[in-house]
Amino acid sequence: MPGTPTRHAPRLLRRSSWPEARRIADILRKETIGGALLLAAALAALIWANSPWAQTYQELRAVEIGPAALHLHLDLATWAADGLLAIFFFVAGLELKREFVAGDLRDPWRAAVPVAAAFGGVVVPALAYLAVAGPAGAGQGWAIPTATDIAFALAVLAVIGRSLPDALRTFLLTLAVVDDLIAIVVIAVFYTSHLAVLPLLGALVPLAVFGMLVQRGVRSWWLLLPPALATWGLVHASGVHATVAGVLLALTVPVLRRKNGNESSAAPGHEAGPAEHFEHRLRPISAGIAVPVFAFFSAGVALGGLSGLAGTLTEPVAAGIAAGLLLGKPLGILAATWLVARFTRATLAEGLAWIDLVGLAVLSGIGFTVSLLIGELAFGAAGAEQVKVAVLAGSFAAALLATVILRLRARAHRRVHEAENADSDADGVPDVYQES
């Protein structure tokens, strides 16, 4: 009828706001560099572990350092997994909290798609693993294929998807951060075999001190580091995996700046709040040091040549991991996204097609950092070698398949990318972000 306002169907994967697009682009640059370092570290470990000097690699992993009186006389491989990855999860926690408090994911509709996709990408790979590996004796590894390695995935995108539209990159980043946080909950709940209650309760004291300091605007590392380390040490002593401390600390950090004792309502993109400040400072350490060092100490596995590799991949656990990464992960992400579209009658944003989501869903099957961590927790040193082979093989296959799929749409992606970066008035803000 005349005068009736036109109702537009909701859009899946809409373009983010300009401040958010700039921030995401900065994150992706850092994570892409970190991904290249991760790949280099993993490759170096693989070469060393399959060389005539393989024993020296294992001896290096087993070197123990740290104060025995505090039960922290740990080998280097454990320090990398329990210590350095706490930094990784601290940054992931900051990123997710900021997105939901001050980012575009404050909009429930924008948040629904990547969050639903992340949950689908956790549940279905676990079911695929159990279907192939079987619950008897191998069931404890169900969580191995559930987490996407964002640094590894973005390193692949840096090579094959330089012109990928902003909405697709943001979707991949958000999905990976959400499922990393789901993974840390899984680790805390399902992979804590011995719980010491007193140290866990004791961790609340330095955690509260850290939270009080950051709430008051303290940013000096020499004041914040002692309570942070105390929280980490007590969580480690409790039997809960120490990386959980990173998320707990991140959740205490306020997102918005404070003015006259109140939270500022400044729009995203203005002066950084505490969460963005710490994320900016620590992301290079996480992506450039913590994750590559963990990869170096975790990825070294003797492959035993092509026959040994083929034999390992036919084992139930390895086959289950590969099925989870290559089949379960993309099917879970696509099914959850389709269900959101089906029940909301949403359509994809202009210029995008479902094959784009297929490519990203397959790319999300790259599981490395968290997958290796869960593998060690699930099977210990005895079964970790088989897990490493399966994770590396499955991730490599997912990267190759995603490359083929995304390359099919390279021309369409380039057109969208050019439109998103056109700046006719040369004011530094692309034209598409100025349209009402």
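Look a little higher up for the structure.
Remember, predicted model here, so these are calculated numbers, not experimental data. (Residues numbered from 1 in each chain as written. Predicted model: local features only at pLDDT ≥ 70, side-chain atom pairs only at ≥ 80, totals over all residues. Heavy atoms only, no water.)

1. Quick notes on the overall build of the protein
Here is step 1: Secondary structure assignment for the protein yields 16 helices and six strands.
Here is step 2: In terms of overall size, the protein behaves like a compact globule, its C-alpha atoms giving a radius of gyration of 22 Å where 436 residues would be expected to give roughly 22 Å.
Here is step 3: Summarising its shape, the C-alpha atoms of the protein cover approximately 75 × 60 × 40 Å along the three principal directions.
Here is step 4: Put simply, 80% of the contacts in the protein that link residues at least 6 apart link residues at least 24 apart.
Here is step 5: Looking at charge distribution, the protein has the averaged site of its 31 positive side-chain charges lying 6 Å from that of its 31 negative ones. (Helix = DSSP H or I, 4+ residues; strand = E, 2+ residues; numbered from the N terminus. Rg over C-alpha atoms; globule rule 2.2 N^0.38 Å. Contact = heavy atoms within 4.5 Å. Lys, Arg positive; Asp, Glu negative; His and termini not counted. Charge placed at Lys NZ, Arg CZ, Asp CG, Glu CD.)

2. Re a nonpolar patch on the surface
Here is step 1: A cluster of nonpolar side chains, Leu195, Val197, Leu198, Leu200, Leu201 and Leu204, forms an exposed patch at the surface whose accessible area comes to about 580 Å².
Here is step 2: Residue contributions to the nonpolar patch peak at four residues, all from helix 7 (residues 197-202).
Here is step 3: With respect to the secondary-structure elements, leucine 198 resides in helix 7. (Patch = residues over 30% accessible without salt bridge, like charges linked within 9 Å, V, L, I, M, F, W, Y side chains within 5 Å. Areas by Shrake-Rupley, 256 points an atom, 1.4 Å probe, with all protein chains shown as cover. Salt bridge = Lys/Arg side-chain N within 4 Å of Asp/Glu carboxyl O.)

3. Focus on the nonpolar core
Here is step 1: If you look at the biggest cluster of nonpolar residues, it comprises 110 residues, and the most contacted ones within it are Leu12, Leu13, Phe171, Ile321, Leu363 and Phe368.
Here is step 2: The element that contributes the greatest number of residues to this core is helix 15 (residues 369-407), accounting for 16 residues.
Here is step 3: Beyond its immediate sequence surroundings of up to four residues, phenylalanine 368 is in contact with Leu38, Ala42, Asp149, Phe152, Ala295, Ala299, Val391 and Leu392.
Here is step 4: Counting residues in each nonpolar core, the second largest holds 17 residues, with Leu94, Ala102, Leu207 and Val214 among its members. (Core = buried A, V, L, I, M, F, W, Y, C linked by side-chain atoms within 4.5 Å. Buried < 20%, exposed > 50% of the residue type's maximum accessible area, 1.4 Å probe, protein only.)

4. Observations regarding the environment of tryptophan 48
Here is step 1: Topologically, tryptophan 48 is positioned in helix 1 (residues 18-49).
Here is step 2: Judged by its relative accessible area of 28%, tryptophan 48 falls in the partly exposed class.
Here is step 3: Taking the C-alpha atoms as reference points, tryptophan 48 and alanine 128, separated by 80 residues in sequence, lie 33 Å from one another.
Here is step 4: Those residues in contact with tryptophan 48, other than ones at most four positions away along the chain, are Trp53, Ala54, Thr56, Tyr57, Leu60 and Phe296.
Here is step 5: Engagement of the side chain of tryptophan 48 in a polar contact is seen with the backbone oxygen of tryptophan 53, the distance being 3.0 Å. (Polar contact = N/O pair within 3.5 Å; in protein donor to acceptor, adjacent residues only side chain to side chain.)

5. Comments concerning helix 6 (residues 166-190)
Here is step 1: Taking 1.5 Å of rise per residue, the 25 residues of helix 6 would be expected to cover 36 Å, and the 36 Å separating its terminal C-alpha atoms lies within 8% of that figure.
Here is step 2: Most of helix 6 is tucked away: 21 of the 25 residues are buried. (Expected span 1.5 Å × (residues − 1).)

6. As for the packing of aromatic side chains
Here is step 1: One pass over the full model with this rule turns up eight aromatic pairs.
Here is step 2: Residues tryptophan 142 and phenylalanine 190 carry aromatic rings whose centres are separated by 5.2 Å and whose planes lie at 90° to one another, so their mutual orientation is edge-to-face. In this pair, tryptophan 142 is assigned in the loop between helix 4 (108-133) and helix 5 (150-160) and phenylalanine 190 in helix 6, connecting sequence segments 48 residues apart.
Here is step 3: Chaining the aromatic ring pairs together yields one cluster made of Trp48, Tyr57, Phe296 and Phe297. (Phe/Tyr/Trp six-rings, centres within 6.5 Å; stacked < 30°, edge-to-face > 60°.)

7. Observations concerning the pattern of salt bridges
Here is step 1: Within this structure, the stated rule accounts for six salt bridges.
Here is step 2: For the salt bridge of lysine 329 with aspartate 179, the shortest nitrogen-to-oxygen distance reads 2.9 Å. Taken together, the residues span a long stretch of sequence, with lysine 329 in helix 13 (residues 316-344) and aspartate 179 in helix 6 at a distance of 150 residues. No difference in accessibility class separates lysine 329 from aspartate 179, as the two residues are buried.
Here is step 3: When the shortest N-O distance is used, the salt bridge between aspartate 356 and arginine 409 registers 2.9 Å. Within this pair, whereas aspartate 356 is found in helix 14 (residues 354-363), its partner arginine 409 is found in the loop between helix 15 and helix 16 (410-421), the two being separated by 53 residues in sequence. For the pair formed by aspartate 356 and arginine 409, the shared burial category is buried.

8. What to know about the environment of alanine 397
Here is step 1: You can see alanine 397 is positioned in helix 15.
Here is step 2: Distance in space between the C-alpha atoms of alanine 397 and phenylalanine 278 is 35 Å, their sequence separation being 119 residues.

9. Quick look at empty space enclosed by the protein
A probe matching the size of a water molecule, rolled over the atoms, marks out where space remains unfilled.
Here is step 1: A full pass over the atoms with the stated rule returns five cavities of 30 Å³ or more.
Here is step 2: Computed from the structure, the largest cavity encloses a volume of approximately 220 Å³.
Here is step 3: Lining the largest cavity are 17 residues, with Arg14, Leu105, Arg110, Pro114 and Thr170 positioned closest to its centre.
Here is step 4: Mapped by element, the contributors of at least two residues to the lining of the largest cavity are strand 1 (11-12), helix 4 and helix 6.
Here is step 5: Tallied by class, residues from the lining of the largest cavity come to eight nonpolar, three polar and six charged. (1 Å grid on protein atoms, 1.4 Å probe; cavity = no way out; pocket = protein on both sides within 12 Å on 5 of 7 lines; lining within 4 Å. Points joined across faces, edges and corners; volume = space filled by probe spheres on them. Nonpolar A, V, L, I, M, F, W, Y, C, P; charged D, E, K, R; others polar.)

10. Observations concerning unusual backbone geometry
Here is step 1: Positive phi, normally seen in glycine, also occurs at histidine 71, with a value near 60°.
Here is step 2: Here histidine 71 lies in the loop between strand 2 (64-65) and strand 3 (74-75).

11. What about the packing of helix 13 against helix 14?
Here is step 1: Running from N to C, helix 13 and helix 14 cross one another at 140°; their axes reach a closest spacing of 8 Å. Of the two elements, helix 13 crosses helix 14, and the hand of that crossing is right-handed. Contacts between helix 13 and helix 14 involve Lys329, Pro330, Ile333, Leu334, Thr337, Trp338 and Ala341 from the first element and Trp354, Leu357, Val358, Ala361 and Val362 from the second.
Here is step 2: The residue inventory of the contact of helix 13 with helix 14, partitioned by class, reads ten nonpolar, one polar and one charged. (Axes fitted to C-alpha atoms, helices over the stretch in contact; angles between N-to-C directions. Left-handed = near helix turned anticlockwise from the far one by under 90°.)

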